[in-house]
Amino acid sequence: MRLRVILLVVATSSLVLVSFLIPLALVLRTLAADHAISTATAQAQYFGPLVTAQTTGDLTTSGLGQTIDEVSAATDTPITVFLPSGTQLGEPAPRSAAVQLAAKDGRSFTAEANGGEEVLVAVGGLPGNGTAVIRTFVPGSVLRHGVARAWLLLGGVGLLLLVLSVAVADQLARSLVRPIEALALAADRLAAGDLSARAEVAGPPEVRRASTGLNRLAVRIGELLAHERETVADLSHRLRTPLTALRIDAESLRDGAEMEQLLADVNAVERTVSGIIHEARRPSGDGTRAACDAAGVTADRAAFWLPLAEDQDRRMTVELAPRPVPVRVSHTDLMACVDILLENVFAHTPEGVAFTIRLSRRAGGGAWLAVSDDGPGFGDVDPTRRGLSRGGSTGLGLDIARRIAEGSGGSLVIGRSASGGATVTLGLGSPAQAPETNRRHGRTRLRLRA
């Protein structure tokens, strides 16, 4: 914007200077020529009485010629006198058509000549009704005397004015651009999650209004996020009461194995609720980045879902890259992602349908987690649309997984498996400081058959 303002001022100033200086330069050239012609005319008219005195006998011809030679030697405009008798005095010159016309009509005028202009003054009323012509030749150098210097002076003045306009435009552009740059910087910080960023209210009225509006928007966003975090934390905290009752009921069971299994499930739910409360109350823009081993988490969740696969006669194929596979996702979030993908398989495919879990490394760091099955697939419905419910689900699972993947710098892709079923591929980003990884290119392949 600053460069555009400067270019606009330069273009405007150039047009103004050109429209002013060019006519002025032409006027100066005309004035110089007019001055030279006027001087030559006055000089020729000076010899009119002398020519009259020579024809009446008051001045000799030789005396008039000597006077003309002295004046011509002292000036840059040579003088020639054409007498009615045909005699020429002064600087030799051809009797041109203009001289003959002046002698014939008895009038004075200026005519163009080779290399300049000639001023012709007719002197009439001489004895014998003759007409003498006084010719003064003005060379082109005399006509343009001082014009080049005047043009250089005008050019220098125009260049100086152009430089001054650029300097003023630069200062004006700075006063406009600086508050806009500060406003853009504050907007970038807000977009990056720094809700404490504020724009400086400065500059033109429009920029001040925009800065004030952005600051009010930042305050409002902070209030809405704080309210949302508190609401989520409160709702999650309310779950502790039924969980406590469920724990009491589980502890009253007589079957030790069932009691241990139910208590483990209750503990897992409590950890999840505690994690939700912690995430909800964490200040926005927290710079901490969680990381975990995707291979370890995937193996643990596969082992957790294996008993259910055995009960439903499903073949589970697990292919894991060699440990560790660091990703920029917290342990709890990755567990939730794996559970969401596996839960979709169990909830939306018939019993006995096989599925595969694959975990591989990404070229730029991170991992690819793909869960595919041999079921009917998703069809034409987009399963990632938030709130879309099918088969009794809440319609939030895949959307949650997508948000977690995108938050790590990855993505979620829906496709078809080789058998025509569904495939959900989760791209997980690499942590900022990844630990040392196993560089072997092999895979650990584990086939579990119920």
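Computed from a prediction, not measured in an experiment: that's the story for all the values here. (Residues numbered from 1 in each chain as written. Predicted model: local features only at pLDDT ≥ 70, side-chain atom pairs only at ≥ 80, totals over all residues. Heavy atoms only, no water.)

Student: What am I meant to see in the packing of helix 1 (residues 2-46) against helix 6 (residues 147-191) here?
Tutor: For any two helices packed against each other, the geometry is given by the interaxial angle and the distance between the axes. Contact geometry for helix 1 and helix 6: axes closest at 9 Å, N-to-C directions at 160°. Relative to helix 6, helix 1 is oriented roughly antiparallel. The chirality of how helix 1 crosses helix 6 is right-handed. Looking at the contact of helix 1 with helix 6, its residues break down into 20 nonpolar, 4 polar and 4 charged. (Axes fitted to C-alpha atoms, helices over the stretch in contact; angles between N-to-C directions. Helix = DSSP H or I, 4+ residues; strand = E, 2+ residues; numbered from the N terminus. Parallel < 35°, antiparallel > 145°, perpendicular 65-115°, else oblique. Left-handed = near helix turned anticlockwise from the far one by under 90°. Nonpolar A, V, L, I, M, F, W, Y, C, P; charged D, E, K, R; others polar.)

Student: Explanation requested: the packing of aromatic side chains in the structure shown.
Tutor: Within a pair of aromatic rings, the relevant descriptors are the distance that separates the centres and the angle that separates the planes. Inspection of the entire model under this criterion finds 4 aromatic pairs. Ring centres 5.3 Å apart and planes at 80° place the aromatic pair Y46 and F47 in the edge-to-face group. You can call Y46 exposed: its relative accessible area is 53%. A relative accessible area of 0% places F47 in the buried class. Taken together, the ring pairs in this structure connect F304, W305, F346 and F355 into an aromatic cluster. Geometry around F304 places R301 over its ring, the cationic atom sitting 4.3 Å from the centre. (Phe/Tyr/Trp six-rings, centres within 6.5 Å; stacked < 30°, edge-to-face > 60°. Buried < 20%, exposed > 50% of the residue type's maximum accessible area, 1.4 Å probe, protein only. Lys NZ or Arg CZ within 6 Å of the ring centre and 35° of its normal.)

Student: What's the story with a nonpolar patch on the surface in this structure? I'm lost.
Tutor: Taken together, the side chains of L153, V157, L160, L161 and L164 present a nonpolar region at the surface, about 470 Å² in accessible area. Positionally, L164 belongs in helix 6. (Patch = residues over 30% accessible without salt bridge, like charges linked within 9 Å, V, L, I, M, F, W, Y side chains within 5 Å. Areas by Shrake-Rupley, 256 points an atom, 1.4 Å probe, with all protein chains shown as cover. Salt bridge = Lys/Arg side-chain N within 4 Å of Asp/Glu carboxyl O.)

Student: How do you make sense of the confidence of the model for the protein when you look at a structure like this?
Tutor: Regions with low pLDDT carry predicted coordinates that are not meant to be interpreted in detail. Averaged over every residue, the pLDDT of the protein is 81; residues scoring 70 or more account for 84%. When the elements of the protein are averaged for pLDDT, strand 13 (residues 444-449) gives the smallest value, 39, and strand 9 (residues 355-361) the largest, 94. Considering only residues more than four positions removed or in separate chains, one finds that residues 433-450, a stretch of pLDDT under 50, has 35 contacts. (pLDDT = per-residue confidence, 0-100. Contact = heavy atoms within 4.5 Å.)

Student: In this structure, what is going on with the packing of helix 11 (residues 331-348) against helix 12 (residues 397-407)? I would like to understand it.
Tutor: Two elements in contact, helix 11 and helix 12, have axes separated by 9 Å at closest approach and are oriented at 145°. The handedness of the crossing between helix 11 and helix 12 comes out as left-handed. The segment helix 11 lies against helix 12, with D333, C337, I340, L341 and N344 engaging G397, L398, I400, A401 and I404. When the residues that make up the contact of helix 11 with helix 12 are grouped by side-chain class, the tally is 7 nonpolar, 2 polar and 1 charged.

Student: How should I be thinking about the pattern of salt bridges in this particular structure?
Tutor: All told, the structure shown has 9 salt bridges when counted by the stated rule. Close ionic contact of R358 with E319 constitutes a salt bridge, the shortest N to O distance being 3.3 Å. In this pair, R358 sits in strand 9 while E319 sits in strand 7 (residues 315-320), placing the two residues 39 residues apart along the sequence. Among the residues examined, R358 registers a relative accessible area of 35% and is labelled partly exposed. Here R402 and D399 are joined by a salt bridge, their closest N and O atoms 2.4 Å apart. Here the residue R402 and the residue D399 both occupy positions in helix 12, the gap between them amounting to 3 residues, near one helical turn. R402 sits in the partly exposed class, given a relative accessible area of 24%. Salt bridges here are not isolated pairs; linked through shared partners, they connect D399, R402 and E406.

Student: Would you mind going over helix 1 with me for this structure?
Tutor: In an α-helix, one turn spans 3.6 residues; hence positions three or four apart end up facing the same way. The terminal C-alpha atoms of helix 1 lie 65 Å apart, and with 45 residues this matches the ideal 66 Å at 1.5 Å per residue to within 8%. Three or more residues of helix 1 are buried, namely V5, I6, S13, L17, L21, A25, A32, A36, I37, A40, Q43 and A44. (Expected span 1.5 Å × (residues − 1).)

Student: Help me understand a negative patch on the surface in this model?
Tutor: There is a patch of like negative charges on the surface, built from E310, D311, D313 and E351. Mapped onto the fold, E351 is located in the loop between helix 11 and strand 9. (Lys, Arg positive; Asp, Glu negative; His and termini not counted. Charge placed at Lys NZ, Arg CZ, Asp CG, Glu CD.)

Student: So what exactly am I meant to see when it comes to the sheet that holds strand 5 (residues 132-139) here?
Tutor: Through backbone hydrogen bonds, the strands of a sheet pair up, either in parallel or in antiparallel fashion. Taken in spatial order, the 5 strands make up an open sheet running 2-1-5-4-3, and their pairing is antiparallel. In this open sheet, the two edge strands, each paired with only one partner strand, are strand 2 (88-90) and strand 3 (109-113). Between one strand axis and the next, the sheet turns through 25° on average, direction left out of account. Looking at chain direction, strand 1 (residues 79-82) and strand 5 are connected through 4 bridges and run antiparallel. (Pairing = 2+ DSSP bridges.)

Student: I would appreciate a short explanation of the side chain of S330 in the present structure.
Tutor: Here S330 shows up in the loop between strand 8 (326-327) and helix 11. Classification of S330 as buried rests on a relative accessible area of 17%. Polar contacts involving the side chain of S330 include one to the side chain of D333, which spans 3.1 Å. Those residues within four positions of S330 in sequence are excluded, and the remaining contacts are A290 and C292. (Polar contact = N/O pair within 3.5 Å; in protein donor to acceptor, adjacent residues only side chain to side chain.)

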